[in-house]
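Tertiary structure, described
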Amino acid sequence: MANAPDRFEAVVLPDGVAKLEYQKDKVPNSAIIKIEREDHTIGNLLRMQLLRDPKVIFAAYRAPHPLQHHILVRVQTKSSEMEPYTPIDALANAFNDLGTEMSLLSERLEEEIQKQQFRME
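Residues numbered from 1 in each chain as written. Predicted model: local features only at pLDDT ≥ 70, side-chain atom pairs only at ≥ 80, totals over all residues. Heavy atoms only, no water.

Quick word on the nonpolar core
- Leu46, Leu50, Val73 and Val75 are the most contacted members of the largest nonpolar core, which totals 15 residues.
- Among the secondary structure elements, those contributing two or more residues to this core are strand 2 (30-36), helix 1 (40-52), strand 3 (56-62), strand 4 (70-77) and helix 2 (87-120).
- Examining the composition of this core, we find that 4 residues originate from one element, helix 2, more than from any other.
- Apart from residues no more than four positions distant in its own chain, Leu46 is found in contact with Ile35, Val73, Leu91, Ala94, Phe95 and Leu98. (Core = buried A, V, L, I, M, F, W, Y, C linked by side-chain atoms within 4.5 Å. Buried < 20%, exposed > 50% of the residue type's maximum accessible area, 1.4 Å probe, protein only. Helix = DSSP H or I, 4+ residues; strand = E, 2+ residues; numbered from the N terminus. Contact = heavy atoms within 4.5 Å.)

Spelled out as structure tokens, the structure:
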């Protein structure tokens, strides 16, 4: 198709564009985080991980349009003066937890592959 956008535009971050953009929301302890060059794959994983956090009140994401290659993640946290917990803290914890889960998944997958190879020999 002549008028289709180049596929690399969906994944390659242009020069001068930040991967994450933070915008404070009008609701207390809430923020909207724009994540460039990501789609429903990361959006849904991130939303589910944020909702596992007991200090997160609300977490959702949306992809504004198929030709706009970013997602908007909205996070609201429980926070107090004694125990401050910002949406950025929640997001950082969610990314760290997802990294740990992916490492564990990778290790278990490699173990199973080696078991299968051993059985075939």
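Read on, since the account is not over.
Observations regarding the pairing of strand 2
- For strand 2, the buried fraction is high: 6 of the 7 residues fall into the buried class.
- As paired strands, strand 1 (residues 20-24) and strand 2 are joined by 5 bridges and run antiparallel to one another. In the sheet register, Lys24 faces strand 2, and the bridge partner there is Ala31.
- Here strand 1 folds back onto strand 2, and the loop between the two strands holds 5 residues, one of which, Asn29, carries a positive phi near 55°. (Pairing = 2+ DSSP bridges.)

Brief notes about the packing of aromatic side chains
- In this structure the tally under the stated criterion is 0 aromatic pairs.
- Positioned above the aromatic ring of Tyr85, the side-chain terminus of Lys55 is 5.0 Å from the ring centre. (Phe/Tyr/Trp six-rings, centres within 6.5 Å; stacked < 30°, edge-to-face > 60°. Lys NZ or Arg CZ within 6 Å of the ring centre and 35° of its normal.)

So, the packing of helix 1 against helix 2
- At a closest axis distance of 9 Å, the pairing of helix 1 and helix 2 adopts a crossing angle of 110°. Classified by the angle between their axes, helix 1 and helix 2 sit roughly perpendicular to one another. Across the interface between the two elements, Leu45, Leu46, Gln49, Leu50 and Arg52 from helix 1 touch Ala90, Leu91, Ala94, Phe95, Asp97, Leu98 and Glu101 from helix 2.
- When the residues that make up the contact of helix 1 with helix 2 are grouped by side-chain class, the tally is 8 nonpolar, 1 polar and 3 charged. (Axes fitted to C-alpha atoms, helices over the stretch in contact; angles between N-to-C directions. Parallel < 35°, antiparallel > 145°, perpendicular 65-115°, else oblique. Nonpolar A, V, L, I, M, F, W, Y, C, P; charged D, E, K, R; others polar.)

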